[in-house]
Amino acid sequence: MSRLKNKAAIITGAGSGIGRATAKLFAAQGAKVAILDKNGESGHETANEIVSEGAWAVAIEVDLADGVEAEKAVTKATEALGGLDILVNNAATYIARGFFEISREEWQKVLDANLTAYFLCARRAAQEMRRLGREGSIINIGSVHQRLSEPRSGAYAASKGAIAQLTRNLAIEFAPFNIVVNSITPGFIRTPMSVVDGMDETRTERFIKSYVESGRIPLGRAGLPEEVAAAALFLAARECAYMTGADLVVDGGLMITL
Ligand SMILES: NC(=O)c1ccc[n+]([C@@H]2O[C@H](COP(=O)([O-])OP(=O)(O)OC[C@H]3O[C@@H](n4cnc5c(N)ncnc54)[C@H](O)[C@@H]3O)[C@@H](O)[C@H]2O)c1
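Remember, it's a predicted structure, so these values are computed and weren't measured experimentally.

Asker: Help me understand empty space enclosed by the protein, please; the structure alone is not making it clear to me.
Answerer: The rolling of a water-molecule-sized probe over the atoms marks out the regions of remaining empty space. Applying the stated criterion across every chain, the model contains one cavity of 30 Å³ or more. At the level of secondary structure, the elements contributing two or more residues to the lining of the largest cavity comprise β6 (179-186) and α7 (225-236). Here the residues of the lining of the largest cavity sort into six nonpolar, one polar and two charged.

In structure tokens, the structure reads:
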């Protein structure tokens, strides 16, 4: 119950899905958590759920695609938390468009949220950790789309491919300060994001079933947000303090079929 006792964590995109499950798990394990989400209502909902369980949480509404605001929000969250030990870069945007249809603005919006915000939040968090003289753990949530290529997912996939390399480069530069940087690669996880664009839930279920039946998910089912959160807890708690620049794949085996 106290793997994160006295730890302070920022989790982006914790108003929903994987981020929400991670914030709730970290809080249940003793951490104070700051939720950064562009959806103020759902961010506060997560914070309220945590507080009602007797733990500590604060929600900050911010569009992380705005780099200046993203950096300010990390500093504001650190102040509210009274320190910083953990950052989970999780908020991401998916726009389903083919390369012939996507506008330059849409392309930029995806990269701003899914790549530039990860870099800016990681850098500001590491600056705060160094200023406070604390070691730290930064976790970047990537995706199987770093390798999986499907039509109409190019901008998202490009951003996720970049996260894999960003993680390794951050790990090299932050290692001298005992700040570790690792990533998690989720597969098909049941969250609002995985309700396939333009499909209702029944059609999404059929889509998942077709993935499983064609042998593309060896464990035979979609994953749960709590299963990704469990991997984040392992990295956040630094139970293996000798890991940096590594990737934990949480995908039911999908990547091994590629
Ligand atoms: N669900 C999946 O199948 C799946 C698979 C692989 C990877 N992932 C990754 O997991 C992470 C979480 O995804 P999820 O499925 O929980 O998504 P979700 O849509 O359920 O939640 C994403 C949250 O991020 C917030 N957000 C999005 N853009 C933002 C921005 N610019 N500024 C601030 N907040 C923003 C949203 O408001 C939302 O609360 C993402 O990085 C996603 O790419 C998800």
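Asker: Is there a simple way to explain helix α6 (residues 201-213) in this structure?
Answerer: With 13 residues, α6 should cover 18 Å at 1.5 Å per step; its first-to-last C-alpha distance of 18 Å lies within 8% of that length. At the exit of α6 stands Gly-215, carrying a positive phi of roughly 80°.

Asker: Is there a simple way to think about the site of the ligand in this case?
Answerer: The environment of the ligand is made up of 31 residues, and the closest members are Ser-16, Asp-37, Asn-90, Tyr-156 and Thr-191. In this structure, Asp-37 approaches the ligand through a side-chain N or O atom, which is 2.6 Å from an oxygen atom. In the environment of the ligand, an oxygen atom lies 2.5 Å from a nitrogen or oxygen atom belonging to the side chain of Tyr-156. Protein chains bury 92% of the 830 Å² of accessible surface belonging to the ligand in isolation. In this structure, the ligand is accommodated by the largest pocket. Where the shell around the ligand is concerned, the elements lending two or more residues are α1 (17-28), α4 (104-132) and α5 (154-174). Taken together, the residues of the shell around the ligand sort by class into 15 nonpolar, 12 polar and four charged.

Asker: Help me understand the layout of surface pockets in this model?
Answerer: Roughly 1,300 Å³ of internal volume is contained in the largest pocket. Forming the boundary of the largest pocket are 48 residues, of which Ala-92, Tyr-94, Tyr-156, Met-193 and Ser-194 lie nearest the centre. Those elements that provide at least two residues to the lining of the largest pocket are α1, α4, α5 and α6. No other element matches α1, which puts three residues into the lining of the largest pocket. Residue classes in the lining of the largest pocket are distributed as 24 nonpolar, 16 polar and eight charged.

Asker: I'm lost on helix α2 (residues 40-52) in this one. Help?
Answerer: Each α-helix winds once per 3.6 residues, and so residues spaced three or four apart point in a common direction. An ideal rise of 1.5 Å per residue puts 18 Å on 13 residues; α2 measures up with 18 Å between its terminal C-alpha atoms. Those residues of α2 lying buried are Gly-40, Ser-42, Gly-43, Thr-46, Ala-47 and Ile-50. One side-chain oxygen at the N-terminal end of α2 lies 3.2 Å from the backbone nitrogen of Glu-41; it belongs to Asn-39. Looking one or two residues beyond α2, the residue adopting positive phi is Gly-54, at roughly 90°.

Conventions and cut-offs
Residues numbered from 1 in each chain as written. Predicted model: local features only at pLDDT ≥ 70, side-chain atom pairs only at ≥ 80, totals over all residues. Heavy atoms only, no water. 1 Å grid on protein atoms, 1.4 Å probe; cavity = no way out; pocket = protein on both sides within 12 Å on 5 of 7 lines; lining within 4 Å. Points joined across faces, edges and corners; volume = space filled by probe spheres on them. Helix = DSSP H or I, 4+ residues; strand = E, 2+ residues; numbered from the N terminus. Nonpolar A, V, L, I, M, F, W, Y, C, P; charged D, E, K, R; others polar. Expected span 1.5 Å × (residues − 1). Near = heavy atom within 4 Å. Polar contact = N/O pair within 3.5 Å; in protein donor to acceptor, adjacent residues only side chain to side chain. Areas by Shrake-Rupley, 256 points an atom, 1.4 Å probe, with all protein chains shown as cover. Sits in = over half its atoms within 2 Å of the grid points. Buried < 20%, exposed > 50% of the residue type's maximum accessible area, 1.4 Å probe, protein only.

So far we have only geometry, and geometry alone does not tell us how the molecule works.
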